[in-house]
Amino acid sequence: MHVATELDTGLTLHGYIDRVDEAPTGELRIVDYKTGKSPGPLFEAKAMFQMKFYALVVWRTRGVIPRMLQLVYLGNAEMLRYEPDEQDLLATERKVRALWDAITRANESGDWRPHRSALCGWCDHKALCPAWGGTPPPLPQSRPADLTGAAGQTETVPLPTLARSSPPALRVTPRCDPAWRDLRRGRHHRSRGGGLGGQHLSGCRGGT
Ligand code: SF4
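So, here's what we can say about the structure. (Residues numbered from 1 in each chain as written. Predicted model: local features only at pLDDT ≥ 70, side-chain atom pairs only at ≥ 80, totals over all residues. Heavy atoms only, no water.)

Digging into the side chain of Thr104
Structurally, the position occupied by Thr104 is in helix 2 (residues 86-109). At a separation of 2.8 Å, a polar atom in the side chain of Thr104 contacts the main-chain carbonyl oxygen of Trp100. (Helix = DSSP H or I, 4+ residues; strand = E, 2+ residues; numbered from the N terminus. Polar contact = N/O pair within 3.5 Å; in protein donor to acceptor, adjacent residues only side chain to side chain.)

Side note on the pairing of strand 6 (residues 78-82)
The element strand 6 is extensively covered by neighbouring structure, given that five of its five residues are classed as buried. Burial along strand 6 is two-sided: Glu78, Leu80 and Tyr82 and Met79 and Arg81, pointing in opposite directions, are all buried. Summarising the sheet, strand 5 (residues 68-73) and strand 6 pair through five bridges and their orientation is antiparallel. Each bridged residue has a counterpart across the sheet, and for Leu69 the counterpart in strand 6 is Tyr82. Hairpin remark: strand 5 followed by strand 6, antiparallel, with four residues in the connecting loop; positive phi at Ala77, about 60°. (Buried < 20%, exposed > 50% of the residue type's maximum accessible area, 1.4 Å probe, protein only. Pairing = 2+ DSSP bridges.)

Focus on helix 2
Along an α-helix, residues three or four apart share an orientation, since each turn contains 3.6 residues. Between its first and last C-alpha, helix 2 extends 35 Å over 24 residues, near the 34 Å set by a 1.5 Å rise per residue. All of the buried residues along helix 2 are Asp88, Leu89, Ala91, Thr92, Glu93, Val96, Arg97, Ala98, Asp101, Thr104, Ala106 and Asn107. Downstream of helix 2 by a residue or two, Gly110 has a phi angle that is positive, lying close to 75°. (Expected span 1.5 Å × (residues − 1).)

Things to note about the packing of helix 1 (residues 44-62) against helix 2
The contact between helix 1 and helix 2 brings their axes to 9 Å, and the two run at 105°. Between helix 1 and helix 2, the angle is such that the two are roughly perpendicular. Residues Phe49, Lys52, Phe53, Ala55, Leu56, Trp59 and Arg60 of helix 1 pack against Glu86, Asp88, Leu89, Leu90, Thr92, Glu93, Lys95, Val96 and Leu99 of helix 2. (Axes fitted to C-alpha atoms, helices over the stretch in contact; angles between N-to-C directions. Parallel < 35°, antiparallel > 145°, perpendicular 65-115°, else oblique. Contact = heavy atoms within 4.5 Å.)

Considerations on the pattern of salt bridges
Taken as a whole and assessed by the stated rule, the structure comprises eleven salt bridges. Between Asp21 and Arg29 there is a salt bridge; the shortest N-O distance is 3.1 Å. Relative accessible area serves as the criterion here: at 17%, Asp21 is assigned to the buried category. The structure contains a network of salt bridges with shared partners spanning Asp8, Arg60, Glu93 and Arg97. (Salt bridge = Lys/Arg side-chain N within 4 Å of Asp/Glu carboxyl O.)

As for the nonpolar core
Counting 25 residues, the largest nonpolar core has Leu13, Ile30, Met48, Met51, Leu69 and Leu71 as the members making the most contacts within it. Only strand 4 (28-34), helix 1, strand 5, strand 6 and helix 2 provide two or more residues apiece to this core. What Ile30 contacts, discounting residues up to four positions off in sequence, is Ile17, Arg19, Met51, Tyr54, Ala55, Val58, Pro66, Met68, Leu69 and Gln70. (Core = buried A, V, L, I, M, F, W, Y, C linked by side-chain atoms within 4.5 Å.)

A closer look at unusual backbone geometry
Of note, the phi angle at Ala77 is positive, near 60°, even though the residue is not glycine. Tracing the sequence through the fold places Ala77 in the loop between strand 5 and strand 6.

Remarks on the site of the ligand
The environment of the ligand is formed by Pro114, His115, Arg116, Cys120, Cys123, Lys126, Cys129 and Trp132. By residue class, the composition of the shell around the ligand is five nonpolar, one polar and two charged. (Near = heavy atom within 4 Å. Nonpolar A, V, L, I, M, F, W, Y, C, P; charged D, E, K, R; others polar.)

Side note on the packing of aromatic side chains
Scanning the model with the defined rule gives zero aromatic pairs in all. Over the aromatic face of Trp59 sits the side chain of Arg60, whose NZ or CZ is 4.5 Å from the ring centroid. One cation-aromatic arrangement involves Arg116 over Trp132; the distance from NZ or CZ to the ring centre is 3.6 Å. (Phe/Tyr/Trp six-rings, centres within 6.5 Å; stacked < 30°, edge-to-face > 60°. Lys NZ or Arg CZ within 6 Å of the ring centre and 35° of its normal.)

Quick look at the pairing of strand 1 (residues 2-6)
Burial of the side chains of strand 1 is restricted to one face: Val3 and Thr5 are buried, whereas none of His2, Ala4 and Glu6 on the reverse face is. The pairing of strand 1 with strand 2 (residues 12-16) spans five bridges and is antiparallel. Following the sheet pairing, Val3 is matched in strand 2 by Gly15. Counted along the chain from strand 1 to the antiparallel partner strand 2, the turn is five residues long, and its residue Gly10 has a positive phi close to 95°.

Some details on the environment of Ala55
Here Ala55 lies in helix 1. As a C-alpha pair, Ala55 and Pro84 span 29 residues in sequence and 8.1 Å in three-dimensional space.

Honestly, that's just the spatial picture; any functional story needs more than this.
In C-alpha cells:
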C-alpha cells in the first residue's frame, strides 16, 4: 500500500507498506517482511523506526494509530512486534523533521558528512569517499529548488533519543505464533484456526 501525507511544513512523507491488516473492529496492523535475520536487541529500535514512520503516515491520513507494527524476518523465522502510542508517533514526527532539517542544512552549506559503517563494504562510492581517504568530485552548482525552498519552513528540534526511551519490541518465535504457522504452512502442517486476524495477536507471549 502506498501511503503519503504532508506535514504542516510542506514536507511530504510517503512510503510503501508491504501489508496492512484491518480487523473487523477497525484496528490496523502494519507488516513488513525482511529477507535477512532479525537484529539484536540493541538494534531493535532502529529497525522499528521504519515501521513507526509508516504508522505516522497512516495516523496522519486515516486518523487511526495502528494497533501493531510487525517486522517478519524470514532469514531466522523471528518476528518483532511493537504497539505504538501517540507519544511514539509524535516523537517519530519530530525525528523526521530533524532529519529533514539536517538534510536542508547540508544542502545549503555543501557539507555532507560521510558516516562509516558496515554498509561501506557494499558502497559503489567508497573510492571517492573522504571517510576512506578519497576525494569526492565538486558538488553541482545548482541545488534542487524544492529542497532549498522548504528550508525556511522547517523547524530545528533536537534529535529525540528514541532508541533509548522506547520500550523494547516484542520478540516472537514462530512456534508460538499462529500468524507464523500460517505463513509457513506450505512447508509445515496446516494449523487449525491460525490465520492472521487481529484476535490472534496477543494469544501467545511465550516466545518473548
Ligand atoms: S563509503 Fe562513504 S559514502 Fe559510502 S556508505 Fe561508507 S561513508 Fe557513506
